[in-house]
Amino acid sequence: MITGNLKIIRGTLMNLYQADLILFNGRVHTMDTVLPFATAVATRGDRILAVGTDSEVLSLRHQHTQILDLCGRAVFPGFIDAHIHFAWWALCRQHVDLSDTSTPEQALTKVAAQAAQTPPGAWILGGGFDRNTWPGAAWPTRHMLDAVAPSHPVMLYTHDRHSIWVNTLALHLASVTAGTPDPPGGCIVRDPATSEPIGILSESAVELIRRVVPAPTSSQVAAAIREAQPLAWAAGLTSIHEIHDTEDMMAFRAFQELHRLGKLGLRVCQYVPASRLETFIQAGVQSGLGNEWVRIGGVKFFMDGALGSRTADMLEPYHGEPDNRGVPTIDKETMLEQALQASRAGLSISAHAIGDRANRNILDVLEVVRQDEKTNGRSHLRHRIEHVQVLHPDDLPRLAQLDVIASMQPIHATSDMLAAERFWGPERCRWAYAWRSLLDAGTRLAFGSDAPVEPFDVLAGIYAAVTRRRSNGTPGPEGWQPQERITALEAIQAYTLGAAYASGEETIKGTLTPGKLADIVVLSRDITACPSAEILSTRVEITILGGQIVYQTSDF
């Protein structure tokens, strides 16, 4: 906030302290403990110029200043999605969407419609189906797809993106047969009588098919991203953590191309796949390389699969499946070796871990990494665990003890609660999506969406974190596992300062503080003060990126 010395400074450098944009008469939540609440904010160039009272901030106007009366609307730092696959989501908008299907027949109808308008031989791609919501919850088969798309190879992702449903032609093009062994960390689901693939592949086995699907060009990906950016602005997003990438760094190349052309409309922190670790080490790339638009966050590892596919790595078997404890996608010794390599090279670790055994294993690894950093006097890197969906209670305090960030997606709790109860049972679910317990233990939270697994609707995420209820009110007023609810302000912090800290950018974003980037979101109401039921009907009315209004509702 500019006060006290303001008149002296303006007397000597007046033009430097004239605002380009002023928002006043609002409820400004800065997320900065020095001045947590104000009524006005001013920007100059791409930076926050001042935060304070209406009279203080309006004193910085001049004849060309754009001035907006907020009429009591709420202002927050621009939202940061700390776990998203934005390039993938942008491409998926062009594919078959099965997210709203409740039976296999509905899914097949959509595939048939796509086949009717697709040249024979061209791939049909898409997904989003959740077989756990279909009658019987059985896996669909390749023969079902063969009946509606015999002349097109088909690859359809499950809702959790950890398994695919393919037809016979796709299996043929990938040379996947009864004699093809399961790859390490993967599973080809087979007919128990013949060992023939039924058309479902999980975890690393997905690559057997994906490697024969023609990859889009960098320009095609860039075009899809550019077309999708306005939808992110409408959700109040100004920054994203692109939490993974393809082997050829498809997303990273596209983001760089857009930045070079001056067309990138989101600040991107890119996490690179573990398969590229050696390349980045040899090139001397470290976490933080880049600028305010595109930077390297760290290296993404996978410890296990997912709940929906029952491949999350668990300490005890899944309910009703005594022989299934999930799929560890990397062994602990290999993970430790690669984590030490990454840390010693200055690259932060981002590890996907959903099951309680996967989380225990990565915490064991990071405990050794932290000791190695301390012993050798190296930087204390921003290591993080992605999802942290279920923990053993003995492991819950360890994230704070090791200063490991819990990168979580609130909407997963309400989307997955029925499956979690069914497959993990109530005792383990007590420690599922444990935001309150993690916060109380001193853990840093960073929230995201995991789009395209879930929509990148920040307000829906905040609602889930505050209520632990679905939009229709289920499972009731108290929510699911209500002891893990958090406040709206705590949830917002995880989407702002917490996410900025996770990428090592808390000095330039995450709070509305003079000198930081002028990334701002204006909401139709103050969600920290309204009844929780009203969060879902709250609208993003203005999104400001680098001092420029990139989204504004027509009736503002």
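Quick caveat: nothing in here was measured; it's all calculated off a predicted structure.

**Some details on the packing of aromatic side chains**
Then, number 1: By the definition in use, this model includes 10 aromatic pairs.
Then, number 2: Ring centres of Phe129 and Trp165 lie 5.5 Å apart, and the angle between their planes is 70°; this geometry places the pair in the edge-to-face category. Taken as a pair, Phe129 in strand E10 (residues 124-129) and Trp165 in strand E12 (residues 163-166) lie far apart in primary sequence, 36 residues in all. Of the two residues, Phe129 and Trp165, neither departs from the other in class, the shared state being buried.
Then, number 3: Ring centres of Phe447 and Tyr495 lie 5.5 Å apart, and the angle between their planes is 70°; on these two criteria the pair is classed as edge-to-face.

**Considerations on the pairing of strand E23 (residues 540-545)**
Two faces, one strand: in a regular strand the side chains alternate between the faces of the sheet.
Then, number 1: A large share of E23 lies buried, amounting to 6 of its 6 residues.
Then, number 2: Bridge analysis of strand E22 (residues 520-523) against E23 gives 4 bridges, and the strand direction is antiparallel. Looking at E23, one finds that Val522 is bridged to Ile542.
Then, number 3: Direction of pairing for E23 relative to strand E24 (residues 548-552): antiparallel, over a ladder of 4 bridges. Directly across from Leu545, in E24, lies its bridge partner Gln548.
Then, number 4: Between E23 and E24, which pair antiparallel in sequence order, lie 2 residues; one of them, Gly546, sits at a positive phi of approximately 60°.

**Topic: the sheet that holds strand E5 (residues 47-52)**
Then, number 1: The sheet built from 4 strands is open, its strands ordered E5-E4-E1-E6 with mixed pairing. What marks the edges here is a single partner per strand, and that holds for E5 and strand E6 (66-69). For this sheet the average axis-to-axis angle between neighbouring strands, irrespective of direction, equals 15°.

Rules used in this analysis
- Residues numbered from 1 in each chain as written.
- Predicted model: local features only at pLDDT ≥ 70, side-chain atom pairs only at ≥ 80, totals over all residues.
- Heavy atoms only, no water.
- Phe/Tyr/Trp six-rings, centres within 6.5 Å; stacked < 30°, edge-to-face > 60°.
- Helix = DSSP H or I, 4+ residues; strand = E, 2+ residues; numbered from the N terminus.
- Buried < 20%, exposed > 50% of the residue type's maximum accessible area, 1.4 Å probe, protein only.
- Pairing = 2+ DSSP bridges.
- Axes fitted to C-alpha atoms, helices over the stretch in contact; angles between N-to-C directions.

Keep in mind that these numbers describe shape and distance, not what the molecule does.
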